[in-house]
Amino acid sequence: MRSKLRGPSALLAALALGGLVGSVPTSTAADIPRQSCSDPTRQISLFAEKLGRDRIGYGLTPKSASIPGPTIQMTEGDCVAVNLVNDTNGRVSLHAHGVDYSPASDGTPHNLSCVPAHRSRTYVWSTHAPTVRQDGTVDPGSAGYWHYHDHCHGTPHGTGGIDAGLFGALIVRRAGDPVPDRPPFVVVFKDQTINLKKAPFTPIFKANLGERVEFVVIGHGNLFHTFHLHGHRWADTRTGTISSPDDTAPLIDNKTLGPADSFGFQIIAGEHVGQGAWMYHCHVQGHSDAGMTGLFVVRSAEGKMSPSTKAAVRRWKAMEGGGSHHHG
Amino acid sequence: MRSKLRGPSALLAALALGGLVGSVPTSTAADIPRQSCSDPTRQISLFAEKLGRDRIGYGLTPKSASIPGPTIQMTEGDCVAVNLVNDTNGRVSLHAHGVDYSPASDGTPHNLSCVPAHRSRTYVWSTHAPTVRQDGTVDPGSAGYWHYHDHCHGTPHGTGGIDAGLFGALIVRRAGDPVPDRPPFVVVFKDQTINLKKAPFTPIFKANLGERVEFVVIGHGNLFHTFHLHGHRWADTRTGTISSPDDTAPLIDNKTLGPADSFGFQIIAGEHVGQGAWMYHCHVQGHSDAGMTGLFVVRSAEGKMSPSTKAAVRRWKAMEGGGSHHHG
Amino acid sequence: MRSKLRGPSALLAALALGGLVGSVPTSTAADIPRQSCSDPTRQISLFAEKLGRDRIGYGLTPKSASIPGPTIQMTEGDCVAVNLVNDTNGRVSLHAHGVDYSPASDGTPHNLSCVPAHRSRTYVWSTHAPTVRQDGTVDPGSAGYWHYHDHCHGTPHGTGGIDAGLFGALIVRRAGDPVPDRPPFVVVFKDQTINLKKAPFTPIFKANLGERVEFVVIGHGNLFHTFHLHGHRWADTRTGTISSPDDTAPLIDNKTLGPADSFGFQIIAGEHVGQGAWMYHCHVQGHSDAGMTGLFVVRSAEGKMSPSTKAAVRRWKAMEGGGSHHHG
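No experiment lies behind these values; they were computed from the predicted model shown.

Asker: Looking at this structure, I do not really get the overall build of chain A. What am I missing?
Answerer: Within chain A, the secondary structure is distributed over four helices and 22 strands. Looking at chain A residue by residue over its 328 residues, the buried ones come to 66%. Sequence-distant contacts, at least 24 apart, represent 73% of the contacts inside chain A between residues at least 6 apart. Only carbon and sulfur atoms are counted for the fraction: they give 54% of the accessible area of chain A, which is about 10,700 Å².

Asker: It is not clear to me how the interface of chain B and chain C should be interpreted in this structure. Could you clarify?
Answerer: Reports of interface size often rely on the accessible area that becomes lost once the parts have come together. The interface of chain B with chain C comprises 62 residues on the first partner and 58 residues on the second. The contact between chain B and chain C buries some 4,700 Å² in all, and 59% of this surface belongs to carbon and sulfur atoms. The interface formed by chain B and chain C includes three salt bridges. Close ionic contact of Arg133 of chain B with Glu271 of chain C constitutes a salt bridge, the shortest N to O distance being 2.8 Å.

Asker: Just checking my understanding: could you explain the nonpolar core for this structure?
Answerer: Soluble globular proteins tend to bury their nonpolar side chains together. With 171 residues, the main nonpolar core has Phe215 and Phe296 of chain A, Phe215 and Phe296 of chain B together with Phe215 and Phe296 of chain C as its most contacted residues. Beyond its immediate stretch of four places on either side in the chain, Phe215 of chain A contacts Phe185, Val187, Phe205, Phe227, Leu229, Phe263, Gly264, Phe265, Ile267 and Phe296 of chain A.

Asker: Where do I start with the side chain of Asn254 of chain C in this structure?
Answerer: With respect to the helices, strands and loops of the structure, Asn254 of chain C is situated in strand 19 (residues 254–257). By relative accessible area, Asn254 of chain C is classed as buried at 6%. A polar atom in the side chain of Asn254 of chain C sits 3.2 Å from the backbone oxygen of Ala260 of chain B. Of the polar contacts made by the side chain of Asn254 of chain C, one reaches the side chain of Asp261 of chain B; its length is 2.8 Å.

Asker: How do you make sense of helix 4 (residues 307–321) of chain B when you look at a structure like this?
Answerer: Structural remark: α-helix, 3.6 residues per turn; residues separated by three or four positions point the same way. All names here are of chain B. For helix 4, built from 15 residues, the straight-helix expectation of 21 Å at 1.5 Å per residue is met to within 8% by its first-to-last C-alpha distance of 21 Å. Of all the positions in helix 4, only Thr309, Ala311, Ala312, Val313, Trp316, Met319, Glu320 and Gly321 are classed as buried. Where helix 4 is buried, its residues touch strand 14 (204–208), strand 21 (276–282), helix 3 (285–289) and strand 22 (293–299).

Asker: Is there a simple way to think about the sheet that holds strand 4 (residues 69–75) of chain C in this case?
Answerer: What holds strands together in a sheet is hydrogen bonding between their backbones, with the strands either parallel or antiparallel. Residue and element names in this part refer to chain C. Strand order in the open sheet formed by four strands is 4-11-10-6, with mixed pairing between adjacent strands. If you trace the sheet from one side to the other, it starts and ends with strand 4 and strand 6 (95–96), each paired once. By the bridge criterion, six bridges tie strand 10 (residues 144–149) to strand 11 (residues 167–173) in an arrangement that is antiparallel. Bridging from a neighbouring strand, Trp146 pairs with Leu170 of strand 11.

Asker: Help me understand the relation of the copies chain C and chain A, please; the structure alone is not making it clear to me.
Answerer: Two copies of the chain are present, and they differ by a rotation about an axis and a shift along that axis. For the match of chain C to chain A, the screw axis carries a shift of 0.0 Å, the RMSD comes to 0.0 Å, and the turn is 120°. Overall, the copies show the geometry of a three-fold rotation axis. Interface residue correspondence from chain C to chain A reaches only 6%, placing this contact among heterologous pairings that use different surfaces.

Asker: Is there a simple way to explain the sheet that holds strand 12 (residues 185–190) of chain C in this structure?
Answerer: All names here are of chain C. Ordered in space as 13-12-15-20, the four strands form an open sheet in which the pairing is mixed. Each having just a single partner strand, strand 13 (193–194) and strand 20 (262–268) make up the two edges of the open sheet. Sheet topology note: the strand 12/strand 13 ladder contains two bridges and is antiparallel. Within the sheet, the bridge partner assigned to Lys190 lies in strand 13 and is Thr193.

Asker: Where do I start with the interface of chain C and chain A in this structure?
Answerer: Each side of the interface is counted separately: chain C has 63 residues, and chain A has 58 residues. Carbon and sulfur atoms make up 59% of the area that chain C and chain A hide from each other, which totals about 4,700 Å². Its largest share of buried area at the contact with chain A, chain C owes to His110, His157 and Phe224 of chain C, together 15% of the area lost on that side. Joining chain C to chain A, the criterion identifies three salt bridges. Taking the shortest distance from any N to any O, the salt bridge between Arg233 of chain A and Asp100 of chain C comes out at 3.1 Å. Across the contact surface, chain C and chain A share 36 residue pairs in polar contact (both at pLDDT 80 or more). Of all the elements in the fold, those that place two or more residues in the side of chain C that touches chain A are helix 1 (8–15), strand 8 (131–133), strand 9 (138–139), strand 10, helix 2 (159–164) and strand 19 of chain C. In terms of residue class, the side of chain C that touches chain A is made up of 25 nonpolar, 27 polar and eleven charged.

Asker: Got a minute to help me understand the side chain of His151 of chain B in this structure?
Answerer: By the element assignment, His151 of chain B lies in the loop between strand 10 (144–149) and helix 2 (159–164). The class of His151 of chain B is buried, set by a relative accessible area of 0%. Of note is the side chain of His151 of chain B, whose polar atom sits 3.4 Å from the side chain of His230 of chain C. Contacts of His151 of chain B, omitting those with residues within four sequence positions, involve Ser93, His95, Gly107, Thr108, Pro109, Pro156, His157 and Gly158 of chain B together with His230, Met279 and His281 of chain C.

Asker: Got a minute to help me understand the packing of aromatic side chains in this structure?
Answerer: For any two aromatic rings, the description comes down to two numbers: the centre-to-centre distance and the angle of the planes. Under the criterion given, the structure shown has 62 aromatic pairs over all chains. Residues Trp234 of chain C and Phe265 of chain C carry aromatic rings whose centres are separated by 3.9 Å and whose planes lie at 5° to one another, so their mutual orientation is stacked. Of this pair, Trp234 of chain C sits in strand 17 (residues 234–235) while Phe265 of chain C sits in strand 20, and the two are 31 residues apart along the sequence. When sorted by exposure, Trp234 of chain C lands in the same class as Phe265 of chain C, which is buried. Site record: aromatic cluster; members linked through ring pairs are Phe185, Phe189, Phe205, Phe215, Phe227, Trp234, Phe263, Phe265, Tyr280 and Phe296 of chain A. When the ring centre of Tyr123 of chain A is taken as reference, the NZ or CZ atom of Arg121 of chain A above it lies at 5.9 Å.

Asker: Looking at this model, I keep getting lost on the pairing of strand 20 (residues 262–268) of chain B. Mind explaining?
Answerer: On any regular strand, side chains alternate: one points to one face of the sheet, the next to the other face. Residues and elements named next belong to chain B. The buried count for strand 20 comes to six of seven residues, which makes it a mostly enclosed element. In this structure, strand 15 (residues 212–220) lies alongside strand 20, joined through seven bridges in antiparallel fashion. Looking across to strand 20, one finds that Arg212 is bridged to Ile268.

Asker: Sorry, what's going on with the relation of the copies chain B and chain C here?
Answerer: Structural alignment of chain B on chain C gives an RMSD of 0.0 Å, achieved by rotating through 120° and translating 0.0 Å along the axis. Each copy contacts the other with its own distinct surface, as only 6% of the interface residues of chain B are interface residues in chain C too.

Asker: Whenever I open this one, the pairing of strand 12 (residues 185–190) of chain A confuses me. Can you help?
Answerer: All names here are of chain A. Counting buried positions along strand 12 yields six of six residues, so the element is predominantly enclosed. Examined bridge by bridge, strand 12 and strand 15 (residues 212–220) share six bridges and lie parallel to one another. Residue pairing across strands places Phe185 opposite Phe215, the latter belonging to strand 15. Hairpin connection, strand 12 to strand 13 (residues 193–194): the antiparallel pair is bridged by two residues, and Asp191 has positive phi, about 50°.

Asker: Explain the pattern of salt bridges here, please?
Answerer: When their charged atoms lie close together, side chains carrying opposite charge are able to pair. Under the defined criterion, the tally for this structure stands at 30 salt bridges over all chains. Arg212 of chain B is paired through a salt bridge with Asp135 of chain A; the nearest N and O atoms lie 3.2 Å apart. Of the two residues, Arg212 of chain B sits in strand 15 while Asp135 of chain A sits in the loop between strand 8 (131–133) and strand 9 (138–139), which places them in two different chains. Judged by relative accessible area, Arg212 of chain B falls into the buried class, the value being 1%. The partner of Asp191 of chain C in a salt bridge is Lys190 of chain C, with the nearest N and O atoms 2.5 Å apart.

Asker: What am I meant to see in the confidence of the model for chain A here?
Answerer: Detailed reading of predicted coordinates is not advised where the pLDDT is low. On average, residues of chain A carry a pLDDT of 88, and 85% of them reach 70 or more. Ignoring residues within four places in sequence, the model shows residues 1–36 of chain A, a span with pLDDT below 50, making 81 contacts including any to other chains.

Rules of the game
- Residues numbered from 1 in each chain as written.
- Chains lettered and ligands numbered in written order.
- Predicted model: local features only at pLDDT ≥ 70, side-chain atom pairs only at ≥ 80, totals over all residues.
- Heavy atoms only, no water.
- Helix = DSSP H or I, 4+ residues; strand = E, 2+ residues; numbered from the N terminus.
- Buried < 20%, exposed > 50% of the residue type's maximum accessible area, 1.4 Å probe, protein only.
- Contact = heavy atoms within 4.5 Å.
- Areas by Shrake-Rupley, 256 points an atom, 1.4 Å probe, with all protein chains shown as cover.
- Buried area = accessible area lost by both parts, 1.4 Å probe.
- Salt bridge = Lys/Arg side-chain N within 4 Å of Asp/Glu carboxyl O.
- Core = buried A, V, L, I, M, F, W, Y, C linked by side-chain atoms within 4.5 Å.
- Polar contact = N/O pair within 3.5 Å; in protein donor to acceptor, adjacent residues only side chain to side chain.
- Expected span 1.5 Å × (residues − 1).
- Pairing = 2+ DSSP bridges.
- Least-squares fit on C-alpha atoms with pLDDT ≥ 70 in both.
- Nonpolar A, V, L, I, M, F, W, Y, C, P; charged D, E, K, R; others polar.
- Phe/Tyr/Trp six-rings, centres within 6.5 Å; stacked < 30°, edge-to-face > 60°.
- Lys NZ or Arg CZ within 6 Å of the ring centre and 35° of its normal.
- pLDDT = per-residue confidence, 0-100.

Quick look at the structure:
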C-alpha cells in the first residue's frame, strides 16, 4: 500500500512551473458552456432513496444509499453525466460545488432543475484545468475538495434534503496531485452530528502506519464547527499539502467549518507519532461533549492493530457511550 | 466592456517579481505617521443621514445616503481626506479597516474621534505599497477588500450605527491589480439580511457574459454566515485570483464570514457556465430560508437577458416572496 | 529594543529556497515515533493549581499559575519533556496542538494520559523541520502558532478544564523566522471573555514605537469570534508576515476564530500610524459590548507614554467600565 507518487524530480519540475506559465493553453475569456457532455468521461447514476423514517441518502445503485452519499472523484478536464433517479415521494435534486454546469444542472427550483418524485434527470458537471486568459489573468481551474447536495427538498434551498442526508463529497484533482492509498475518509459536520451520527456510532477510520490517507471535511446545516485531528497536522492550501518547504501557508490541525464549507488534506498515517487511536472531533466543547467525536486508528505497517490501540478504541467507545448523547 | 487589463507579458513580469525584491524601496521600520494629507490624492465628503425610522446611511452628497454606503476605492500610495458631515441627531463616526490613520482618525470614543450631532470632522486615510524593511522583513502593504463603519453610535463600539446601516466597502488596489468592468457588487451579510434586506428585495446584480466583475463581501452584526455563489468559484487569496496556475491557494465557492470579516474576488461572468440567473446566498440553511439570498444575472455578451433567464428571475422572486421572511 | 533580525541578504537567500528543495534532508515516510526525549532540548514543569473558587491555571513553578498559562516556545527540531504536576483535586492533562507526540502524551482519557489528583506525569512533545519525503511530497514541518490545554477535566474532552482556565500558547518557530522584541501577547477569546476577563480588566499590551511585537490569538469554549486590531494589519500566513511583496496571501485586520483555532502575527508597533491607544476586540458586536475589548498601547520609541495616549487609556477604562459587563 505504498504511495504511488511522483518522485523528487517530478516535484522539482512542478516547482519550476512558474516559469512555464506561458506554455499553459490560453482560452477565450468565456468558453461556450457545455450544455451536455458530448464526450463524457463517465456516466453514473445516483439513486435518492429513503433510509428509515426521516432519512434519505444517495447511492450509486438501487438499495445502496448511504449518508454521506458516494464520493465522486474527477480530474480537471473530466465531464461527468449524473443521472439522478428519485425513488422518494418528494422532489430532490443535485447541486454541486466547484464544478461547471449550465442552469439546467444547477439543481434549484428557479432554474427548473429539481427532480419530481419517482422521476429522473441528468445533471452534467464539467471541469477544467487552469489556463491563462487572453487578458493575462489566470483562470484558476476546478480542483478542490468540493461536495454535492440537494437544493429542492423541503425548502427552495434544500434544507429538508440536507437535514435528511442528501449530501456527499466531490473531489476534483489536478493532474499530478498526490493520490491517497485508501478511499477518502469523508466527515460531514452537521448540527451536532458527524455524518448524522453521534459517538460512539461515528466513523472509526482505519489505516496502516505510513499510508497516505485523505480526509474530506464538509459542513452543513445551521451551526459552525471546528474540525480537529489529534497527532496530525496539515497545510491550509488547496490540497492540504505544500509543494515546497518555504510555502507561507499556515500549518493547522483545527479549522473553522461553516455550512457548505469544505476542505480536505492528505497526511501520512502516524507520521512522527506512530500507531494509536487518534481522535478527530469538533472542538466546540459543547459539540464534542454531545457526541461529535470519532477515531482515526493507525495500525502497524502490516495492518495489525496493537493491543494497546485496541484497548484505547474500547475505552473510547465506553467513554463516548456513557454520556447523555446516546444515539436514538 | 472588455477587460482593460495587462497582457500576458505583464503577467509574466509580475511572476518574475520574486527576483526583484531587492529593488523594492526600503523604508524605516516605523514611518512618521501622517496626521494629515499634505498632498491628498482626493478629498471627499460623506453625509450620515437618517433613512426612514430606524435606518441611517452614508452618502457622497446630501440626500443620497444608501445602505451600504458608497464604495470607496484607493490604490496603494493614495491618501484620502474624508469629511464626515453628521446630519443625524446622534453621534456617529468613521472607522476604517486596512488603511493607515492616526488616533485622531480612529473613529472611536476613547480616541475622541466621534462626530457630535450636526457637526463634521475630517478623517484621513493613507495607504502604502509593500516595502522591504531595513531589517529584511516585508511590510505587506495596504491592498485588500476592506470596509468602513461607524464606531460611536449606540454603544462605544458602534453597534447602534452598524445596526442602522452605517457601513460601506473600501477597496485598496495594488498597482497592476486587475480592475473590474463594472462597479463592484457589495454584499453585506448582517444578522439574517443582505444589505439589511431580505429576498426578494435583495440585490440582483447584472453583468454581460465575459465581463470581469468584482464582489466585495462584508460581515457585520452578531451572526456568522457563509457566502456561496452558484456557477462560479474563486481563489482564497488577497485578490480572489491567482497569478500562476501552481499557486497553492484553495479554490472556493463558499466562505465563512464573521462580523467585520471581508473579502473580495473577481470572476468572469458566466465563464464555463454561460448565461443564467445564478443565486448567491448565505449557506446557513436557516438563514437562506429566512431570505438571505440574491441573484447574479449573466446576460448575453451584448447585454440582452435571455427569455429563460428572465423566467428564472421571475420564478426566484415568486419563490423567495412566498416564504415567511417577507420584508416589513 | 531594535529587531535582531536577518538582513536583506538573508531574505533573498530565503526567497531562493525553492531551488534548494533537493538539498532538504529526506526522511522515511513514517519515522519511528519518539516515545521519549532521549536528548530533550529542554525539560520543564507545569503545575496545575487552583486560582480562587472556580479557576485553575498552569504555572512554571508552584504558586505561579496564570490564565492563560505560560507561553512555551520551541524551534523545529526541539523536543521538550513537560512534567505536569497536578496540585488540584480532579484529574487534568496536557493536550498540545501542532507538535508530535505518542498516544501516551495525547492527554486524553481513552489514551490513559490524564493525571490523577495530586500526581504527576511527563508529556513529551517533539517537533520537526520540513522535509521532502521519499515519494517526493513535502512533510510541512511543525512550525505554527499552536496552543496546549486540558483534555480530561470535567468531561472526557476537557470542557471543565478549559472553562476553568487550563490553556496556554505554544509557539513553534522555523529556523530563520523573525523573532519579536518582547514576549508574545497572548489573547484567548473564550465565550464572552478575553483570557477569562472582561474590559476594563482585559490585558493592556504595551510596546514602543518601532518594536516588533507578536500576537498569539487562540479560541476556546463554545462561541465563535472575530479578532480585530485597530491601526495595524497582517497577512493570513503561517507567520502573519510575507516573505515577498508578490505573495498572494490575504492581508487582514479581522479574523474569524473558532474554538481551538489559533493564529499569530508580528507587526511593527505603530508602523504608519504612530503612538496611541489602539483597541483590539472581538468584532461580534454583542461580544464587544459585553466586554471583549482590550488595548494595544504604542509609546514613544524611548518608551514614554504621551499625555494624549494616557488620556485615551483613561477614557477607554471609563468607557468600558461603565457598561453592564462589569467583572464579578
